[in-house]
Amino acid sequence: PPPSHVLQRGLSPTSHLDGDGAAAPMETGPQTGTPPCSPSSQQPAVKDDFQFVLCERCRQESPNLKLLTCLHTLCLGCLSENKPIGQCPICRTAIPQASGIPNMENLLFTNLQTRLNIYKKLSNSSGLSCSRCRSETAAVWCSECEEFLCTKCFEDHQWFFKKRSHEARRVEELRAESAHQFLEDTRKSYNLFCSSPGHANQGHISSIYCRKCEKPLCCSCALLDSQHAPFCDIHSETQRRQEELGIMSQELKQKRSSFEATYVALQDEAVRLEQVQQEMRELIRQRVEQLVRLIRQEEEELLGLVEAQQEQGRQEVVRELQRVEGVLRRMEAGERLVEKMSLYATEQEVMDMQPFIKDSLEQLQQLQPPATGDQAQPGDLAECRARLQAL
Ligand SMILES: [Zn+2]
Ligand SMILES: [Zn+2]
Ligand SMILES: [Zn+2]
Ligand SMILES: [Zn+2]
Ligand SMILES: [Zn+2]
Ligand SMILES: [Zn+2]
């Protein structure tokens, strides 16, 4: 283990590495004092509890997480794939940007991914090596540099960053923490930088908030530039902003319950609609079946009617045929008899037979052939047609 006097030298007064490396003052949660979990038992907890830092579509880690106006979080890859659709794949809220890529980064989730990966490194490997020299075993972790440092490199680091307050913590101590504790501790150790141009790069830490510009400022900006005022403590401002969100979220819960009620009502409505449609479909099927049965019955009757009338018509035509045939035979016989009379009859025979033959021929002369077509359409087919039309 590194000599404690080396570690203590040059540490900021807020460092957790004070004295014998006792628990940090903020570790007062229910997890305080719990023995370090083994990596195997800790992995599922990290996995399950921190699923929310992943892209909500592909469930993957990504250094480019974007926050949509609907407050869903998607990675750049998913957003590019989703671009033709132009709306959030989860809630279907439109994405207004023509590129399909929202402007807002989800800094919280990307940074949490980074911090969780550091935690995983810590809890997984016992012989973690120094990020700088890469040979010695890491003894501390600087949250500002986001580096694991060996004792020697840590000394150099302390000398180099003398004027800035970099918080460094013992690797062993961190390893004993739960993921939640680790995130809670590291969250306190991140600094907020001055918003004036270039000041963040120069490491100007902000502790003051200008209410007029709504920006965090470093002491020199606040003191030297007279246009800034009124001021307040940056922590009270971040606290106020968190509370503001908390209150809004609380207020939205009422709205949410009314939306939930509407959702249930709409679901019922959908079920009811489905039932009504189902009933109507059944009704249509039954009625059509009934109608088809009726029409089939009518078909039978009409076909029967046609059959009967065809039979009747056929008989009539046969009778007519026979009658006409008889007439034709009579005419033939008359012709033949008149011809034989003129060839062979004696005067006595003419005198005796001529009046009788004349009578018969006169009767034939009276006969008219029946008008064809009148019999071919027996009047009753008209009834068939009418019933067919009425179907
Ligand atoms: Zn994704
Ligand atoms: Zn959405
Ligand atoms: Zn080193
Ligand atoms: Zn550092
Ligand atoms: Zn500044
Ligand atoms: Zn200002």
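Every chain is numbered on its own, with residues counted from 1 as its sequence reads. Each chain takes a letter, starting from A, and each ligand takes a number, starting from 1, following the order in which they are written. Since the coordinates come from a predicted model, pLDDT governs what is reported: local features require at least 70, and pairs of side-chain atoms require 80 or more to be given and counted, while whole-chain, interface and lining totals use all residues. Hydrogens and water are ignored here; the side-chain numbers use all heavy atoms of the structure.

1. Comments concerning the sheet that holds strand E8 (residues 231–233)
Within the open sheet, the 3 strands sit side by side as E7-E6-E8. Their pairing is antiparallel. Looking at the sheet topology across the chains shown, the edges are occupied by strand E7 (215–217) and E8. Direction aside, the axes of adjacent strands within the sheet are offset by 40° on average. The criterion for strand pairing is that DSSP finds at least two bridges linking the strands in question. Working definition: helices are DSSP H or I runs of at least four residues, strands are E runs of at least two. Numbering for both runs from the N terminus. Across 3 bridges, the pairing between strand E6 (residues 208–210) and E7 is antiparallel. Paired with Tyr-209 across the bridge in E7 is Pro-216. Strands E6, E7 and E8 of the sheet are contacted by helix H9 (residues 234–344), whose axis makes an angle of about 80° with E8. In this analysis an axis means a line fitted to C-alpha atoms, helices contributing only their contacting stretch, and an angle means the value between N-to-C directions, from 0 to 180 degrees. Two residues form a contact once any of their heavy atoms are found within 4.5 Å.

2. Brief notes about unusual backbone geometry
Residue Pro-230 follows Ala-229 across a cis peptide bond; omega there is -10°. Along the chain, the position of Pro-230 falls in the loop between helix H8 (219–224) and E8. At Leu-71, a position not held by glycine, the phi torsion is positive, near 70°. Here Leu-71 shows up in the loop between strand E1 (65–67) and strand E2 (73–75). Any residue under 20% of the maximum accessible area for its type is buried, any over 50% is exposed, and the rest in between are partly exposed; the area is computed with a 1.4 Å probe on protein chains only. By relative accessible area, which is 61% here, Leu-71 ends up exposed. The backbone of Arg-134 shows a phi angle near 65°, a positive value even though the residue is not glycine. Residue classification places Arg-134 among the exposed residues on the basis of a relative accessible area of 64%.

3. A closer look at the coordination of the zinc ion (ligand 1)
Taken together, Cys-55 (SG), Cys-58 (SG), Cys-75 (SG) and Cys-78 (SG) make up the protein donors of the zinc ion (ligand 1), found 2.2 to 2.4 Å from the metal. Only N, O and S atoms count as donors, using a 2.8 Å cut-off from the metal and 3.2 Å for Na, K and Ca, and because water is excluded some sites may appear unfinished. Under this scheme a four-donor centre is tetrahedral when all angles range from 85 to 135 degrees, a four-donor centre is square planar and a six-donor centre octahedral when opposite donors are above 155 degrees with the rest from 65 to 115, and any other centre is irregular. Bound by 4 donor atoms, the zinc ion (ligand 1) shows angles of 104 to 114° at the metal and therefore tetrahedral coordination geometry. Look at where the donors of the zinc ion (ligand 1) fall in the sequence and you get C-x2-C-x16-C-x2-C. Of this pair, Cys-55 sits in the loop between helix H2 (39–49) and E1 while Cys-75 sits in strand E2, and the two are 20 residues apart along the sequence. For the residue pair Cys-55 and Cys-75, the accessibility class agrees, reading buried in each case.

4. Observations regarding helix H5 (residues 151–160)
All of the buried residues in H5 are Cys-153, Phe-154, His-157 and Gln-158. Projected down its long axis, H5 carries its buried residues within an arc of 145°, all on one side. Opposite the packed face of H5, turned more than 90 degrees from it, sit the exposed residues Lys-152, Trp-159 and Phe-160. Directions drawn from the helix axis to the C-beta atoms are what define this arc.

5. Looking at the packing of H9 against helix H11 (residues 381–390)
It is at 10 Å that the axes of H9 and H11 come closest, and there the two elements cross at 165°. With respect to H11, the axis of H9 lies roughly antiparallel. Seen from above, H9 lies across H11 with left-handed handedness. Across from Glu-298, Glu-301, Leu-302, Leu-305, Val-306 and Gln-309 in H9, the residues of H11 making contact are Leu-381, Glu-383, Cys-384, Arg-387 and Leu-388. Looking at the contact of H9 with H11 residue by residue, the class counts come to 6 nonpolar, 1 polar and 4 charged. Comment on the angle field: the value is read as roughly parallel under 35 degrees, roughly antiparallel over 145, roughly perpendicular from 65 to 115, and oblique elsewhere. Definitions for this section: a left-handed crossing has its near helix turned counterclockwise from the far helix by less than a right angle. A right-handed crossing has that turn clockwise. Three categories are distinguished: nonpolar for Ala, Val, Leu, Ile, Met, Phe, Trp, Tyr, Cys and Pro, charged for Asp, Glu, Lys and Arg, and polar for the others, with Gly belonging to the last.

6. Focus: the UniProt feature "domain: RING-type" (unreviewed entry) in the protein chain
UniProt positions are given in the numbering used here, feature names are shortened, and annotations may be inferred rather than shown by experiment. UniProt annotation of "domain: RING-type" (unreviewed entry) refers to residues 55–92 when read in the numbering used here. Along residues 55–92 the backbone is 18% helical and 16% strand, and the end-to-end C-alpha distance reaches 16 Å.

7. Thoughts on the sheet that holds strand E3 (residues 140–142)
Adjacent strands of a sheet pair through backbone hydrogen bonds, lying either parallel or antiparallel. What the 3 strands build is an open sheet, ordered E4-E3-E5; its pairing is antiparallel. The open sheet has two edge strands with one neighbour each: strand E4 (147–149) and strand E5 (168–170). Neighbour-to-neighbour, the strand axes of the sheet open up by a mean angle of 30°, direction not taken into account. Sheet topology note: the E3/E5 ladder contains 3 bridges and is antiparallel. From the neighbouring strand, Cys-142 faces E5, where its bridge partner is Ala-168. Set on the sheet, H5 makes contact with E3, E4 and E5; between it and E4 the angle comes to about 115°.

8. Some points on the confidence of the model for the protein chain
A residue's pLDDT is the confidence the predictor assigns to it, expressed on a 0 to 100 scale. Per-residue confidence for the protein chain gives a mean pLDDT of 84; residues scoring 70 or more make up 85%. The low-confidence segment residues 1–43, where pLDDT is below 50, has 65 contacts with residues more than four positions distant or belonging to other chains.

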